[in-house]
Amino acid sequence: MVKRIFDSMNKPVRRRDILKGAAAVGAVSVFPAIISRRGFAAENPTLVNSIRSLSNPYHATWNKGGEAFAKSVGADYVTLVTEGNSEKGVSDIRAIIAKTGGNVVINVDPNDAPDARPIVEAVKEAGGYVVTQWNKPADLHPWDFDPNYVAHISFSGVPYGKAMAEALFKAMGGKGGIVALGGIQSNIPAIERKAGLDQALAENPDIKLLDFQVANWSETEALEKTNAWLTQFGDEIGGIWAANDGMALAAVEALRADGRAGQVPVTGIDGIQLAVEAILAGEMAGTVAWDPYWQGGMGLSIGYHAATGKFDPAKEPKDHREFYGTGVIITADNAQSYYDSNIKAEPELDWNDIWGRVSGQIQY
Amino acid sequence: MPPSVMPTSIARTGTRVMTLHANAAKSAVAVPKKTATRRWRLASWAPVIVLVLLCAVIAAINPNFLSFGNFVRIAQAAMIPLVLGLGATFIILMGSIDLSLEGVLTLSAVILSMLVLNGANANDLGLLAIPIVLLVGAGVGFVNGTIHVRLKVPSFMVTLGTWFIGVGVANALIGGTAIRINDKLVRALAIARDPVIGFPWGVWLALLCFLIALVIQNYTRLGRYIYALGGGEDLAALSGIPAARVRIMAFTLAGVFYAVGGILAAAQLGLGNSQIGLGRLFTTITAVVVGGTALSGGQGGVHQTLIGVLIVVVLSNGMVLMGIPPSVQIGVQGLMIIVAVALSMDRKMMRIVK
Amino acid sequence: MSAPSVPALSLVDVDKRFPGVHALKNVSIEIMPGEVVGLIGENGAGKSTLMKILSGVYQPDGGEIRLAGKPTRFISAADANRQGIGMVFQEQSLLTNLSVGENVYLGNEAQFRRFGLVDWGALYAAAARQLEKVEVDVDPRTHTSELDFATRQMVELAKALTLEENAGGHLVILLDEPTSVLERAEIEILFARVRALKTRASFIFVSHRLDEVLELSDRIYVMKDGAVVADLPAAEANITQLHQLMVGRSLQAAYYRESLQKPYGDEVVIEAEGLTLGHAYRDISFKLHAGEILGIAGVLGSGREEVTRTLAGFAPHDGGSLRIGGRECRLRTPAEAVDNGVGYIPRERRVEGLVLFLSVAANITLANLRSLTRHWLIDGREEQRIATTWVERLKVKTPSINALCLNLSGGNQQKVVLAKWLNAKARVLILDHPTRGLDVGAKEEVYELVRSVTAEGVAVILTSDTLEETIGLSHTVLVMRDGAITHRTAALPGHKPTQVALIEHMV
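Here the structure is a predicted model, which means the values were calculated and not measured. (Residues numbered from 1 in each chain as written. Chains lettered and ligands numbered in written order. Predicted model: local features only at pLDDT ≥ 70, side-chain atom pairs only at ≥ 80, totals over all residues.)

## With respect to the overall build of chain B
Next up, step 1: Within chain B, the regular secondary structure consists of 14 helices and 2 strands.
Next up, step 2: Split into buried and exposed, the 354 residues of chain B put 57% on the buried side.
Next up, step 3: Counting only contacts in chain B whose residues sit at least 6 apart along the sequence, the fraction spanning at least 24 positions is 76%. (Helix = DSSP H or I, 4+ residues; strand = E, 2+ residues; numbered from the N terminus. Buried ≥ 20, exposed ≤ 12 C-beta atoms within 10 Å, placed from the backbone. Contact = placed C-beta atoms within 7 Å.)

Okay, here's the thing in structure tokens:
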């Protein structure tokens, strides 16, 4: 097979050009850099969200938050997607900086921690403003790049992994066996969330962890692992903890095929719409909403406030420069109200309340 | 035209072995008859033996493996890889490769979820959505085949492109969210079971696909020509086989099977999203190769793929049942591929390995 | 350097057997330092086996190889290289995607290593020195694909000469059909170089072109049926004499089933008039009748292979006319040839003739599957019936018609290919070296088949490895030389032309 491929590669250039064309068409439709412009104010900085992709609900919602904030201040808004490619992420940002001449506020979820440094340096050099979220090197600090590197926001997986475990145990009546689905083994959020689960288990000796498996954030794998558990442990399974909502929903489907959906509580994390609906249907016991809508809008808002001189980043305390955001814990108790205010309607956020969700300085 | 003049003297010459002296190239393939027969049989039966051994080992460690409930769960886990594997087998038999599987599956699942009763729009086409989705699969496959043949682009590159395009279009259609499927009949494929054995209907659908594939492989010209192309494009042309048409038809057929896989995946997870195909390509190619269909083409078949799928599914089910640590599991799967390829390849046929 | 009286290389009673074939029968050969030794013989006479033993590819079953008088063994091609045996092959062994210099030192880069990296400057300088030896004025950094064939052949020679530095002793260079792809002028240059290099090396020159062997060699060995039948100084030899030595036996009428040769009918199935294709052949005219076997004789490069390729649909003609069954046609693809009732049986059955992983039955019906298809499905029972019929008629030895062709012997595979075409109702069969690689018994079976097929009215165009076979089987023989027909003769039973009579038109 391989040989055939190379044989055909030696064909005249014309075909290769067609191929390139085809690849380019593919690239366009897979990696769309969606640029939407609304409201033109010359003194206004361009607002930029740089995220992994639009193909996952999380970042899609992030983008909506960004759009909403941009609309509220009437600024140009640009979405850049990295598609998991660090080089693309960094070079797209450099391009937008060049295009705007530095009059730009960037809210970025760097594809990988090391990417944050070149991004921050490029912004600093051009005199723009940047807020990073989730990923950055531990020794890269906003206060070393005053005033351009406004803030870094992250969420600790530990307390929420633990909170979900506790919600699960509560739904189980405080005792029984559970199984747990982890994310990619080397992934930081996956590790933190698992650490939270472990803490909760240590505090609840009546709950027994029957088995832990990694399903790599994949619904298909989660379904298969849950199926195997149903064979192995049968009725011993009193609850299922999953490190994200996709895997939790797949576990619910495995239970459904077994006729047990709704009887075994399942928790996830991320707060996607289908998970909230599953909580409402009584098939999931809880999830945590990071509120990507807030992340996408507020990240820009913080940068925008700094850029427009509403506050001076250099004068802010360190817990406003590197802080943990606050997740929303959703269980059966508050699912309906969360659904009504955040999912059915576009959330109404006060974009000027920039420090409202600070829950402590990030610890390294 | 029967040769009526047929002297009896032919009968006296026994079975002969090819001589080696005249042509260097032949020396690589001149295997005494007995050895060749034995090799071939071993290659063909090895997957079955592996499957039986695997089941025996897992059952010995965890007797729950043999429970009826697990039997059904394995069937359920195998239905999607089987349907995908059927399509991929035809392509691999031709000596080509089809990477568009995840793209077609994702696109099909997303389109299905948007056409039947769902949580995002007002559509409610019911079962009518299924032929539409199958047509979409066939269309992508047809495009794959046509570009591959007419523009002479390697199948590897074309299908890599359509993989991304498929996922990209799915993305564009639903903007990154997931659409819940509320159609009872579609969900029934994964949830409702037949009253006799107790398999989900999706398993029966997959088995029906298998039978259709078996008939296509063994009883149609298309199936025969696919083998012939895999045996050598030159030879196929020599026998007057319309190679281009056969290739396009094979890719189209594969697209239909992937679309069925998309329907089953959407039914199983109860939703359509653009990540639904993730990781399917690896599992499918593994199953096809483990089953004994050679990546070099011409050798194997959908019956082998059925065994390969069962090996892969039983192994991943069994690794959980046996309590193998997650970090080891992926390594075991990789090892399995290497062993399977090593077992199934007739090295005497190969002069150069690339 | 060894003294002139000791042979640079000698083979003493070298013996080699393969299953079913005694390829070399106690062959003894000597090559003196600075000597060019010609080696000739028909295909299958054992030349290739001998060359493979000298280049370390095969190991002899008996006898001894002596290098400068001392017994030695060549356990691999690399080992033979190390001991001073160089090779220049007919199918060029240069990698065209590398530079000339890289090719010259391919596999021997180690000597230019500095700190683990290749010192390319040193390598190219050394390569330039090697190229000087063969007087080729080419920058060693040139991409090999830019060179013409003759220059590439010189580069091969230069590559062989690098062994001088490594092996230390006197070189023996094997030239295996080095002229087959060269023009006359290029051949002159090559020969001049070989002569000039005689002070550095001895040569063994294998060629089908007897005139060239006579021109270049000092001494000639003639092989036949695995044995050396003559060893004579080139100065005392002539072409006719060499040919008689190569062929050796008189025609064996029974061997070729001449008694079964029936007169052919009047119906013309193929008529060629002034057929021409570029430089390959020109002005080819013949009529092929139903039931006729038309043999085309000629040496390599005579154009006969191209004529058969044209008829099989691989190389459409660009001049003259071709009528098949009375209809003017130009066969652009093999599929078109098949549609016109022309079946091609290639020399490499395993590569082109059969789908090895399909059953005997599936192969037999492959070219005519349409007629078996009812309502989209292949009629399995009918297929089995047809296959069984053909297997019985052609006496194919197979465990079952559902056995894979992979498991059949060469002769039986040949029969399956034949059955495929007969089943597809081919009216003309092109037999391209049909008995190549078969042993005597299997050859006889093929002869039987060819006779019985023509008795049914199928016409055959035959190119064969041996002149003897061509004459023995054919009704009519065309002789080609340099792309044109030089002679045509009937070959009726009892009045077969002699080989010598044909050879004079071939060379």
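There is more to say after this.
## Observations regarding the overall build of chain C
Next up, step 1: Across its full length, chain C holds 18 helices and 24 strands.
Next up, step 2: Computed over C-alpha atoms, the radius of gyration of chain C comes to 25 Å, within 12% of the 23 Å expected from 2.2 N^0.38 for 507 residues, which places it in the range of a compact globule.
Next up, step 3: Principal axes of the C-alpha set define a box for chain C whose edges measure 70 × 55 × 45 Å. (Rg over C-alpha atoms; globule rule 2.2 N^0.38 Å.)

## Some words on the interface of chain A and chain B
Interface size is often expressed as the accessible area that is lost when the parts come together.
Next up, step 1: Every contact between the two is made by 44 residues of chain A and, on the other side, 51 residues of chain B.
Next up, step 2: Of all the secondary-structure elements, those providing two or more residues to the side of chain A that touches chain B are α1 (2-9), α2 (13-30), α3 (57-73), β8 (207-214), α8 (219-233), α9 (245-257) and α10 (273-280) of chain A.
Next up, step 3: Considering only residue class, the side of chain A that touches chain B consists of 20 nonpolar, 14 polar and 10 charged. (Nonpolar A, V, L, I, M, F, W, Y, C, P; charged D, E, K, R; others polar.)

## Overview of helix α4 (residues 101-115) of chain B
Next up, step 1: With 15 residues, α4 of chain B extends 21 Å from end C-alpha to end C-alpha; this agrees with the ideal 21 Å at 1.5 Å per step.
Next up, step 2: Here α4 of chain B lies mainly inside the structure; 14 of its 15 residues are buried. (Expected span 1.5 Å × (residues − 1).)

## A look at the sheet that holds strand β12 (residues 227-233) of chain C
Residues and elements named next belong to chain C.
Next up, step 1: Taken in spatial order, the 6 strands line up as β6-β9-β10-β3-β11-β12 in an open sheet, and their pairing is mixed. Where the open sheet ends on each side, the last strands, each with one partner, are β6 (85-88) and β12. Sheet twist, expressed as the average angle between the axes of neighbouring strands with direction ignored, equals 20 degrees.
Next up, step 2: With 4 bridges connecting them, β6 and strand β9 (residues 171-176) associate as parallel partners. Among the inter-strand pairings, I85 is bridged to a residue of β9, identified as V172.
Next up, step 3: Relative to β6, helix α5 (residues 149-161) is tilted by about 170 degrees, and along the sheet it contacts β6 and β9. (Pairing = 2+ DSSP bridges. Axes fitted to C-alpha atoms, helices over the stretch in contact; angles between N-to-C directions.)

## Remarks on the sheet that holds strand β14 (residues 281-289) of chain C
Sheet strands pair by backbone hydrogen bonding; their relative direction is either parallel or antiparallel.
All names here are of chain C.
Next up, step 1: Read from one edge of the open sheet, 4 strands run β14-β13-β16-β17, paired in antiparallel fashion. Edge positions in the open sheet fall to β14 and β17 (327-328), since each of these has one partner strand only.
Next up, step 2: Judged from the 5 bridges that link them, strand β13 (residues 268-277) and strand β16 (residues 319-324) form a sheet pairing that is antiparallel. Note that in β16 the partner of T276 across the bridge is G319.

## Comments concerning the nonpolar core
Here is a general trend for soluble globular proteins: nonpolar side chains tend to be buried in one another's company.
Next up, step 1: Membership of the largest hydrophobic core comes to 299 residues, with the highest contact counts inside it found for A251 of chain A together with V83 of chain B.
Next up, step 2: The element contributing the most residues to this core is helix α11 (residues 243-269) of chain B, with 18 residues.
Next up, step 3: One finds L9, V27, L39 and F203 of chain C within the second-largest nonpolar core, a separate group that totals 69 residues. (Core = buried A, V, L, I, M, F, W, Y, C linked by C-beta atoms within 7 Å.)

## Regarding unusual backbone geometry
Next up, step 1: Here the amide bond leading from D146 of chain A into P147 of chain A is cis, since omega sits at -10 degrees, within 30 degrees of zero.
Next up, step 2: Structurally, P147 of chain A is set in the loop between β5 (129-133) and β6 (149-154).
Next up, step 3: Despite not being glycine, D13 of chain C has its phi angle at roughly 50 degrees, a positive value.
Next up, step 4: The residue D13 of chain C is located in strand β1 (residues 9-18) in this model.
Next up, step 5: You can call D13 of chain C partly exposed: it has 13 C-beta atoms within 10 Å.

## Considerations on the packing of α8 of chain A against helix α3 (residues 68-93) of chain B
Next up, step 1: Viewed as axis vectors pointing N to C, α8 of chain A and α3 of chain B meet at an angle of 170 degrees, and their least axial separation amounts to 9 Å. Judged by the inter-axis angle, α8 of chain A sits roughly antiparallel to α3 of chain B. In this structure, α8 of chain A uses E224, N227, L230 and T231 of chain A to contact α3 of chain B, whose residues at the interface are G69, N70, R73, Q76 and A77 of chain B.
Next up, step 2: Grouping the constituent residues of the contact of α8 of chain A with α3 of chain B by class yields 2 nonpolar, 5 polar and 2 charged. (Parallel < 35°, antiparallel > 145°, perpendicular 65-115°, else oblique.)

## Quick look at the confidence of the model for chain C
Next up, step 1: Confidence in the prediction for chain C averages 84 pLDDT; 93% of positions are at 70 or higher.
Next up, step 2: This complex was scored by the predictor with a pTM of 0.73 and an ipTM of 0.75. (pLDDT = per-residue confidence, 0-100.)

## A few points about the environment of F199 of chain B
Next up, step 1: For F199 of chain B, the position within the fold is in the loop between α7 (184-191) and α8 (201-219).
Next up, step 2: Considered as a pair, F199 of chain B and V72 of chain B are 127 residues apart in the sequence and their alpha carbons are 6.0 Å apart.

## Section: the pairing of strand β4 (residues 104-108) of chain A
Residue and element names in this part refer to chain A.
Next up, step 1: β4 sits mainly inside the fold: 5 of its 5 residues count as buried.
Next up, step 2: Here β4 shows two buried faces, one formed by V104, I106 and V108 and the other by V105 and N107.
Next up, step 3: Pairing analysis gives 5 bridges linking strand β2 (residues 46-51) to β4, with the strands arranged parallel. Looking at β4, one finds that T46 is bridged to V104.
Next up, step 4: Between the parallel pair β4 and β5, the chain is carried across by helix α5 (residues 116-126), and the sense of this crossover is right-handed. (Right-handed = clockwise from strand over helix to strand, strands pointing away.)

## Quick look at the packing of α4 of chain B against helix α12 (residues 280-291) of chain B
All names here are of chain B.
Next up, step 1: Packing of α4 against α12 brings their axes to within 8 Å, and their N-to-C directions diverge by 125 degrees. Put simply, α4 runs oblique to α12. As α4 packs across α12, the resulting crossing turns out to be right-handed. Residue-level inspection shows L101, E102 and L105 of α4 in contact with α12, the latter providing R280, L281 and T284.
Next up, step 2: Of the residues assigned to the contact of α4 with α12, the class counts are 3 nonpolar, 1 polar and 2 charged. (Left-handed = near helix turned anticlockwise from the far one by under 90°.)

## Quick notes on the confidence of the model for chain B
Residues and elements named next belong to chain B.
Next up, step 1: Considering every residue of chain B, the mean pLDDT works out to 83; 84% of them sit at 70 or more.
Next up, step 2: This stretch, residues 1-42, has a pLDDT under 50; its non-local contacts, to residues over four places away or in other chains, come to 85 contacts.
Next up, step 3: The model gives residues 347-354 a pLDDT under 50, and that stretch makes 7 contacts with residues more than four places away or in other chains.

## Brief notes about the environment of T293 of chain B
Residue and element names in this part refer to chain B.
Next up, step 1: When you line up the elements, T293 lands in the loop between α12 and α13 (302-321).
Next up, step 2: For the pair T293 and V341, spaced 48 residues apart in the sequence, the C-alpha separation amounts to 8.9 Å.
Next up, step 3: With residues near it in sequence (within four places) discarded, T293 still touches T89, I92, L93, V288, Q299, G300, G301, Q304 and T305.

## A short note on the environment of P47 of chain B
All names here are of chain B.
Next up, step 1: Along the chain, the position of P47 falls in helix α2 (residues 33-61).
Next up, step 2: For the pair P47 and G308, spaced 261 residues apart in sequence, the C-alpha separation works out to 6.8 Å.
Next up, step 3: Residue contacts for P47: discarding those within four places in its chain leaves V290, G291, G292, Q304, I307, G308 and I311.

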